Amino acid sequence: MRWDHLSDDPARGGESVLFGTDAVTTRTFDTPEFRGMTFHEVRARSILNRVPGASRMPFEWTVNPYRGCSHACVYCFARRTHSYLDLDTGLGFDSQIVVKTNAPDLLRRQLASPRWQGAHIAMGTNVDCYQRAEGRYRLMPGIIAALRDHANPFSILTKGTLILRDLDLLRQAAEVTEVGISVSVGFTDRELWRTVEPGTPAPERRLDVVRTLTGHGIGCGVLMAPVVPFLGDHPDQLRATVRAIAASGATSVTPLVLHLRPGAREWFMTWLDRHHPHLVRRYERLYAEGAYAPKWYQRRITRQVHELADEFGIGPARRGAARRIPVEPCEAGTTGPTQLTLL
């Protein structure tokens, strides 16, 4: 495992060394929820990450308190980041979790720096900050509190139900700054969920999170991601998913077709060959030009989802449209604020 001399890409604005061997503690826990997992506790040198200028993301800064993710999504584009540590991007990504234990205190110090200009910070766009490890390490309450105390705008994208633990903190932050919350639900097909997202809460549980947040006056959008070609893109599947999203009270739905970057592509194709070998050639043709599905396919899915969203009374998120969360709970049936489109 390579801990020493690990450098950030200068384009990302990182510091020269993320952490050294003297700052790493490795732990395992013999409890059912963590069995088979290893946690590498580190003291990070920097927690604010600058997004490369060529990125498609509509934000410039992220905070990632974890590396690796127990959600074990077979398509996760962040798998490649584990190779920077000489860690396995397959099962290792799912079970070898790097925990930046000093993330809350470090973020507080960096937000207080005269050089920091209060830019929007996105969380959950690399690995999920509300994955299983967060239940033990409890990094997010300190992170949200730091953002609240500095009135710094932020957004969170998650598949985790643990975000409800921090509902009060989110409401406090929303009183002083812009807060955007999105939950990722790409499909409601339970068989597909069990095989491609085995470590995540079930789709209906995630939609319960949306329902709870909106019930407490916190508008929550849904990132319908990923739409999985040939497995989750049938019109009946899209209809069922959008209908369920609308019923949850989501303020918006934004579709995103599966993309397969290096690292994730190899792991996903191995999974596909094992579970759906008849689709391997179709995927090779669809993704022959690179990580993204062809524009015609993306446009078709987007059009179908937007038409269904109109039918069921919700609309697509508008890029950059995160709003301050209302202090008072919304009345039943009212429409909450449109949330930031994270991806």
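How each quantity is defined
Residues numbered from 1 in each chain as written. Predicted model: local features only at pLDDT ≥ 70, side-chain atom pairs only at ≥ 80, totals over all residues. Heavy atoms only, no water. Helix = DSSP H or I, 4+ residues; strand = E, 2+ residues; numbered from the N terminus. Buried < 20%, exposed > 50% of the residue type's maximum accessible area, 1.4 Å probe, protein only. Contact = heavy atoms within 4.5 Å. Core = buried A, V, L, I, M, F, W, Y, C linked by side-chain atoms within 4.5 Å. Phe/Tyr/Trp six-rings, centres within 6.5 Å; stacked < 30°, edge-to-face > 60°. Lys NZ or Arg CZ within 6 Å of the ring centre and 35° of its normal.

Novice: Hey, could you run me through the overall build of the protein chain in this one?
Specialist: Within the protein chain, the regular secondary structure consists of eleven helices and eleven strands. Across the 343 residues in the protein chain, those meeting the buried criterion constitute 56%. Within the protein chain, contacts between residues separated by at least 24 positions form 74% of all contacts whose residues are at least 6 apart in sequence.

Novice: Got a minute to help me understand the nonpolar core in this structure?
Specialist: Soluble globular proteins: nonpolar side chains tend toward being buried together. Counting residues in hydrophobic clusters, the biggest one holds 91 residues, and the most contacted among them are Leu 107, Ile 121, Met 123, Phe 154, Ile 156, Phe 268 and Tyr 283. A per-element tally of this core places helix H4 (residues 140-149) first, with six residues. Apart from the residues lying within four places of it in its own chain, the contact partners of Phe 154 are His 120, Ile 121, Met 123, Ile 144, Leu 147, Leu 170, Ala 173, Glu 178, Val 179 and Gly 180.

Novice: Just to check I follow, could you spell out the packing of aromatic side chains for this structure?
Specialist: Enumeration according to the criterion identifies eight aromatic pairs in this entry. Between Phe 39 and Tyr 137, the ring centres sit 5.7 Å apart and the planes meet at 55°, which makes this aromatic pair tilted. Here Tyr 137 lies in helix H3 (residues 134-137) and Phe 39 lies in strand S2 (residues 38-42), a separation of 98 residues in the sequence. Among the residues examined, Tyr 137 registers a relative accessible area of 14% and is labelled buried. Three or more aromatic residues link up through ring pairs in this structure, and these residues are Phe 230, Phe 268, Trp 271, Tyr 283 and Tyr 287. Of note, Arg 261 hangs over the ring of Phe 77, and the distance from its end group to the ring centre comes to 4.5 Å. Sitting over the face of the ring of Phe 230, Arg 282 holds its NZ or CZ atom 3.8 Å from the ring centroid.

Novice: Sorry if this is basic, but what is going on with helix H5 (residues 167-174) here?
Specialist: Think of an α-helix as 3.6 residues a turn; residues three or four steps apart then line up on the same face. Taking burial as the measure, the eight residues of H5 include six buried ones, the bulk of the element. Residues of H5 that are buried make contact with H4, strand S8 (154-158), strand S9 (179-184) and helix H7 (203-215).

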